[in-house]
Amino acid sequence: VFGHSGSDKSRFISMLEGKGIQKKSAQNLESLRIKINDEFSLNILGLSLNTNIMPAMKMIGSKMDAFMFFIDASQPDNFEYNNYLINLLLNNYSLPSLIVLTNISILGDDAIEMIKNKFKFIRKVNFTTMNLEKLKDPWHLIDQIQMIEEKKTVKTSVESKEVSND
């Protein structure tokens, strides 16, 4: 989970806290371990979206399963920089990715498409919005990442099947 200050990244991670969860924080890094069952745990890392991200990714990138980027819609001055950093990560890691636009209610519903058009990514990235004050279930965003991965898996298996039948 990546984001600048004000993007609600940390608040989102805090909402996931509960029973069976261990949380650790250090400068620019939050770590959350959620025990799903005796054999499976979900690890969520919260990192600041800045130029120091690549050294951290060299250490943890191979262990990641997905990207979630929190973008504060009320800070358009950061869009170009966010676009650059996200493309840097997308270019180096082929992982399901979700852009979460926060503070969108300040700008109104028409702003979503306008903001999406400000970003040009090297591959398809899904967008969603989040209002923490109205969010009842933070797991909804985790589910969206899982749905992206499932669509990718289904598409890949269908493509493989079509190729092998020719």
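Placed above this text is the structure.
Residues numbered from 1 in each chain as written. Predicted model: local features only at pLDDT ≥ 70, side-chain atom pairs only at ≥ 80, totals over all residues. Heavy atoms only, no water.

*Asks:* Could you clarify how one ought to interpret helix 3 (residues 79-92) in this entry?
*Replies:* Because each turn of an α-helix spans 3.6 residues, side chains separated by three or four positions in sequence point in the same direction. Taking 1.5 Å as the rise per residue, helix 3 with 14 residues should run 20 Å; its terminal C-alpha atoms sit 20 Å apart, in good agreement. Looking only at helix 3, the buried set comprises Phe79, Asn82, Asn83, Leu85, Ile86, Asn87, Leu89 and Leu90. Of the surrounding secondary structure, the elements contacted by the buried residues of helix 3 are strand 1 (2-3), helix 2 (53-60), strand 5 (67-72), strand 6 (97-102) and helix 4 (111-118). (Helix = DSSP H or I, 4+ residues; strand = E, 2+ residues; numbered from the N terminus. Expected span 1.5 Å × (residues − 1). Buried < 20%, exposed > 50% of the residue type's maximum accessible area, 1.4 Å probe, protein only. Contact = heavy atoms within 4.5 Å.)

*Asks:* Is there a simple way to think about the pairing of strand 5 in this case?
*Replies:* In regular strands, side chains alternate between the two faces of the sheet. Of all the 6 residues making up strand 5, 6 are buried; the element is thus mostly covered by neighbouring parts of the structure. Burial along strand 5 is two-sided: Phe67, Phe69 and Ile71 and Met68, Phe70 and Asp72, pointing in opposite directions, are all buried. Pairing of strand 1 with strand 5, which is carried by 2 bridges, proceeds in the parallel orientation. When the bridges of strand 5 are listed, phenylalanine 2 appears paired with phenylalanine 69. Of the pairings in the sheet, the one linking strand 5 to strand 6 comprises 6 bridges and is parallel in character. Bridge assignment links aspartate 72 to a residue of strand 6, and that residue is threonine 102. The parallel pair strand 5 and strand 6 is bridged by helix 3, and the resulting crossover is right-handed. (Pairing = 2+ DSSP bridges. Right-handed = clockwise from strand over helix to strand, strands pointing away.)

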